[in-house]
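Single-letter residue listing:
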Amino acid sequence: LGPRLPQGGSGQAVVSTQSTGEFEARKQLAEASRLSKRSQKKSLASAGKELEHYPFLDALAKREEANKTGKMTSIIFIRDKNARGQEISGYIDYAHRLKTEDFEPYFNGKKRLLPKLSDLSFYNWETQKSTSNATPNYQVIADNASGLLFKNKRDRKIVNVDPKASRPGDNSTRVPVASQGQYTQVVIYDHITRRKT
């Protein structure tokens, strides 16, 4: 995006004032576009929401920015009933869902966050349907003697989601969340990825 340098008759470069003005206009446009993208990235779906009476949504709001920026990846375990009244449970890669889904309806209370067949893991207790899927952040290790494990793809650390495990792993914490009757059970596993920003 530099100024155009037309060749003069003697082989020397000549800078025209029109091309310099055009360059400045393009430069300002590129800067405005860059700032616009930055502000879009920083806009949080939870911004400005009153969530103190909703512990689960409040917990998600507190983790939203860190998951969007890559400083942290959170795995959310949810056990509850689906619209058909069937008990379902699963593990959700929060950072991945934030990138692929609009969370505004969740934070507005118009929609409930539930596991999907496309999440890290999903299980329908009535139909016995079970799935597990890798995401851009985690690889699923389902054939382990100690149960279901998730391997972070950035730092290769293991997150152990067994509630009986003394620790969920290096740089990871297990946080049970009270959902005040909204869900049967919610647990959030936070993994600090130590990404430089």
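Residues numbered from 1 in each chain as written. Predicted model: local features only at pLDDT ≥ 70, side-chain atom pairs only at ≥ 80, totals over all residues. Heavy atoms only, no water.

Re the pairing of strand E3 (residues 121–124)
Next, step 1: Across four bridges, strand E2 (residues 87–93) lies against E3 in antiparallel orientation. Bridged to Ile-88 within E3 is Asn-124.
Next, step 2: Here E3 folds back onto strand E4 (residues 130–132), and the loop between the two strands holds five residues, one of which, Gln-128, carries a positive phi near 65°. (Pairing = 2+ DSSP bridges. Helix = DSSP H or I, 4+ residues; strand = E, 2+ residues; numbered from the N terminus.)

Focus: the pattern of salt bridges
Charged atoms that come close allow side chains of opposite charge to pair.
Next, step 1: Enumeration over the complete set of coordinates arrives at eleven salt bridges.
Next, step 2: When the shortest N-O distance is used, the salt bridge between Glu-87 and Arg-79 registers 3.0 Å.
Next, step 3: For Lys-157, the salt bridge is made with Asp-170, and the minimal N-O distance between the two is 3.7 Å. A residue pair is termed long-range when its members are at least 10 positions apart, and Lys-157 in the loop between strand E6 (149–152) and strand E7 (158–160) and Asp-170 in the loop between E7 and strand E8 (172–176) qualify at 13 residues.
Next, step 4: For Asp-170, a relative accessible area of 39% translates into the label partly exposed.
Next, step 5: Counted as one network, the salt bridges with shared partners bring together Arg-97, Glu-101, Lys-111, Lys-116 and Asp-119. (Salt bridge = Lys/Arg side-chain N within 4 Å of Asp/Glu carboxyl O. Buried < 20%, exposed > 50% of the residue type's maximum accessible area, 1.4 Å probe, protein only.)

Some words on the packing of aromatic side chains
Next, step 1: Tallied over the full model, the rule gives eight aromatic pairs.
Next, step 2: Summarising the aromatic geometry, the rings of Tyr-138 and Phe-150 are spaced 6.4 Å apart at their centres and angled 75° between planes, so their arrangement reads as edge-to-face. Of the two residues, Tyr-138 is situated in strand E5 (residues 138–141) and Phe-150 in strand E6; the sequence distance between them amounts to twelve residues. Like Tyr-138, the residue Phe-150 is buried in the burial classification.
Next, step 3: Among the aromatic residues, those joined into a cluster by ring pairs are Phe-77, Tyr-91, Tyr-138 and Phe-150.
Next, step 4: Positioned above the aromatic ring of Tyr-183 is the side chain of Arg-112, whose terminal nitrogen or guanidinium carbon lies 4.8 Å from the ring centre. (Phe/Tyr/Trp six-rings, centres within 6.5 Å; stacked < 30°, edge-to-face > 60°. Lys NZ or Arg CZ within 6 Å of the ring centre and 35° of its normal.)

Thoughts on the layout of surface pockets
Next, step 1: Space inside the second largest pocket adds up to approximately 250 Å³.
Next, step 2: Along its surface, the second largest pocket is lined by 16 residues, and Phe-77, Tyr-91, Leu-148, Val-161 and Pro-163 are the ones closest to its centre.
Next, step 3: Class assignment of the residues belonging to the lining of the second largest pocket gives a composition of nine nonpolar, five polar and two charged. (1 Å grid on protein atoms, 1.4 Å probe; cavity = no way out; pocket = protein on both sides within 12 Å on 5 of 7 lines; lining within 4 Å. Points joined across faces, edges and corners; volume = space filled by probe spheres on them. Nonpolar A, V, L, I, M, F, W, Y, C, P; charged D, E, K, R; others polar.)

Examining helix H2 (residues 55–69)
Next, step 1: End to end, H2 covers 23 Å across 15 residues, agreeing with the expected 21 Å (1.5 Å per residue, within 8%).
Next, step 2: The sharpest bend along H2 reaches about 40° and sits at Arg-63.
Next, step 3: Taken together, the buried positions of H2 are occupied by Phe-56, Leu-57, Ala-59, Leu-60, Ala-61, Arg-63, Glu-64, Ala-66 and Asn-67.
Next, step 4: Of the surrounding secondary structure, the elements contacted by the buried residues of H2 are strand E1 (72–81), helix H3 (94–100), helix H4 (104–107), E8 and strand E9 (185–192).
Next, step 5: Backbone geometry just downstream of H2 places Gly-70 in the positive-phi region, at approximately 90°. (Expected span 1.5 Å × (residues − 1). Bend = angle between axes of the 7 residues up to and from the residue. Contact = heavy atoms within 4.5 Å.)

Some remarks on the pairing of E9
Both faces of the sheet carry side chains from a regular strand, because those side chains alternate between them.
Next, step 1: Of all eight residues making up E9, six are buried, and the element is well covered by its neighbours.
Next, step 2: Two strands pair when backbone bridges link them, and E1 and E9 are joined in this way by eight bridges, in the antiparallel orientation. Paired with Met-72 across the two strands is Ile-192, which belongs to E9.
Next, step 3: With five bridges joining them, E8 and E9 adopt antiparallel strand pairing. The residue of E9 that forms the bridge with Ser-172 is His-191.

Digging into the sheet that holds E8
Next, step 1: If you walk across this open sheet you meet the six strands as E4-E3-E2-E1-E9-E8, and the pairing is antiparallel. Across the chains shown, the open sheet's two edge strands, defined by having one partner strand only, are E4 and E8. Put simply, the sheet's adjacent strands are angled 10° from each other on average, direction ignored.
Next, step 2: Two strands pair when backbone bridges link them, and E1 and E2 are joined in this way by seven bridges, in the antiparallel orientation. Looking across to E2, one finds that Phe-77 is bridged to Tyr-91.
Next, step 3: Together, E1, E8 and E9 form the strand contacts of H2, whose direction differs from that of E1 by roughly 155°. (Axes fitted to C-alpha atoms, helices over the stretch in contact; angles between N-to-C directions.)

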